[in-house]
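Notes for the structure review
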Amino acid sequence: MTDQRERGVDAGQWASSGQMERDLVLTDADFTRIRELIYQRAGIVLAEHKREMVYSRLAKRLRHHGMTRFTDYLSRLERQPDAKEWEAFTNALTTNLTAFFRESHHFPLLAEHIKHKQEPITIWCSAASTGEEPYSIAMTLLETLGGRASQAKVIATDIDTEALAKARRGIYPQEQVRKLDEARVKRFFQKGTGNHIGLARVRPEVSALVEFMPLNLLAPQWPVKGPFDAIFCRNIMIYFDKDTQAKILKRFAPLMKPDGLLFAGHSENFSYISDAFKLRGQTVYTLAKR
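**Here we look at the packing of aromatic side chains**
In the structure shown here, the tally under the stated rule is 14 aromatic pairs. Plain terms: the ring middles of F101 and F107 are 4.9 Å apart, the flat faces sit at 65 degrees to each other, and that makes the pair edge-to-face. For the pair F101 and F107, a shared accessibility class is recorded, and that class is buried. Seen in terms of ring centroids, W124 and W222 are 5.3 Å apart; in terms of plane orientation they differ by 65 degrees. Their pairing is edge-to-face.

If you want it as structure tokens, here you go:
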């Protein structure tokens, strides 16, 4: 569902006490409108302390359009509810913090869950970001299933279309890839040469298992179909309020196989939000039996 970037005389036109003046005007009313609009559009709850981040990220959009006041930018957005700029607005305010095999304890659990299954495996990564998580899932499928992995599929979705574009390319700095063990690096990545020196690309057999598509978890309809053997919804629910979290979990339940696994982030707890799931292990859930 990966970060940081006012001129005026009243307190509402300053980023915070002690900060330098800014070249663009962001008032308290503007910041409130931004928080309301991103909540309506994507369900994201922006805290008060995110003002500096909001200024930094959206300032690029104002400059792109030759504007100096956030008020004008927001008015333009609201006059054009179907404008392409909404995508840029949403992309700017989403956070893409991820890594290969992040929260590594989940992947052996996934491997154990799928290794004896004979039917094709389908997994939904619902906050794919720049691709590290769905590619980690695909690598786990290859390691676990061998030749049978060719029948498996990872559906990878995210609201941030810029992040998805990077994910589809599957190219990453080598220092990021070097954090993996050497065997995985050799098996699953191609080392860049020439103009691509210092970069690494996921091999075709990995990317072939992953299908990327844009998806807003608040949309009335999702372009994904279950049932899924597992759903990864990690480190995205923390940006939603409890009511939104409950609605999303309710929609997950019918998309899962009876023994399916739901993976949450390390700081997320779904047990007190929905009775559709029960805790199975560390931030791993299964459907509650009715």
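**Examining helix α1 (residues 28–42)**
Residue pairs three or four apart in sequence face the same way in an α-helix, which turns once every 3.6 residues. End to end, α1 covers 21 Å across 15 residues, agreeing with the expected 21 Å (1.5 Å per residue, within 8%). The elements touched by buried residues of α1 are α2 (51–64), α3 (70–79) and α4 (85–93). Remark: G43 follows α1 within two positions and exhibits a positive phi of approximately 75 degrees.

**What about unusual backbone geometry?**
In terms of backbone geometry, most residues other than glycine have negative phi values and most peptide bonds are trans. Here the residue pair G226 and P227 is connected by a cis peptide bond, since its omega of 0 degrees sits within 30 degrees of zero. For P227, the position within the fold is in the loop between β6 (210–214) and β7 (228–233). Phi at S129 takes a positive value of approximately 55 degrees, unusual for a residue other than glycine. Residue N235 is not a glycine yet carries a positive backbone phi of 60 degrees.

**Quick notes on the packing of α2 against α4**
One can describe the packing of α2 onto α4 by two numbers: an axis separation of 9 Å at closest approach and a directional angle of 150 degrees. When the interaxial angle is binned, α2 and α4 end up roughly antiparallel. Once α2 is placed against α4, the crossing between them reads as right-handed. Contacts between α2 and α4 involve M53, V54, R57, L58 and R61 from the former and E85, A88, F89, A92 and L93 from the latter. Its residues placed into classes, the contact of α2 with α4 shows 7 nonpolar, no polar and 3 charged.

**Brief notes about the pattern of salt bridges**
Overall, the coordinates contain 18 salt bridges when judged by the stated rule. For the salt bridge of K115 with E112, the shortest nitrogen-to-oxygen distance reads 3.0 Å. Taking relative accessible area as the criterion, K115 reaches 32% and is therefore assigned partly exposed. One salt bridge connects D229 with K117, and the closest N-O pair in it is separated by 3.3 Å. Of this pair, D229 sits in strand β7 while K117 sits in the loop between α5 (106–114) and β1 (122–125), and the two are 112 residues apart along the sequence. Each of the two residues, D229 as well as K117, counts as buried. Bridged by salt links that share partners, the residues K117, E119, D229, K257 and D259 form one connected network.

About the cut-offs
Residues numbered from 1 in each chain as written. Predicted model: local features only at pLDDT ≥ 70, side-chain atom pairs only at ≥ 80, totals over all residues. Heavy atoms only, no water. Phe/Tyr/Trp six-rings, centres within 6.5 Å; stacked < 30°, edge-to-face > 60°. Buried < 20%, exposed > 50% of the residue type's maximum accessible area, 1.4 Å probe, protein only. Helix = DSSP H or I, 4+ residues; strand = E, 2+ residues; numbered from the N terminus. Expected span 1.5 Å × (residues − 1). Contact = heavy atoms within 4.5 Å. Axes fitted to C-alpha atoms, helices over the stretch in contact; angles between N-to-C directions. Parallel < 35°, antiparallel > 145°, perpendicular 65-115°, else oblique. Left-handed = near helix turned anticlockwise from the far one by under 90°. Nonpolar A, V, L, I, M, F, W, Y, C, P; charged D, E, K, R; others polar. Salt bridge = Lys/Arg side-chain N within 4 Å of Asp/Glu carboxyl O.

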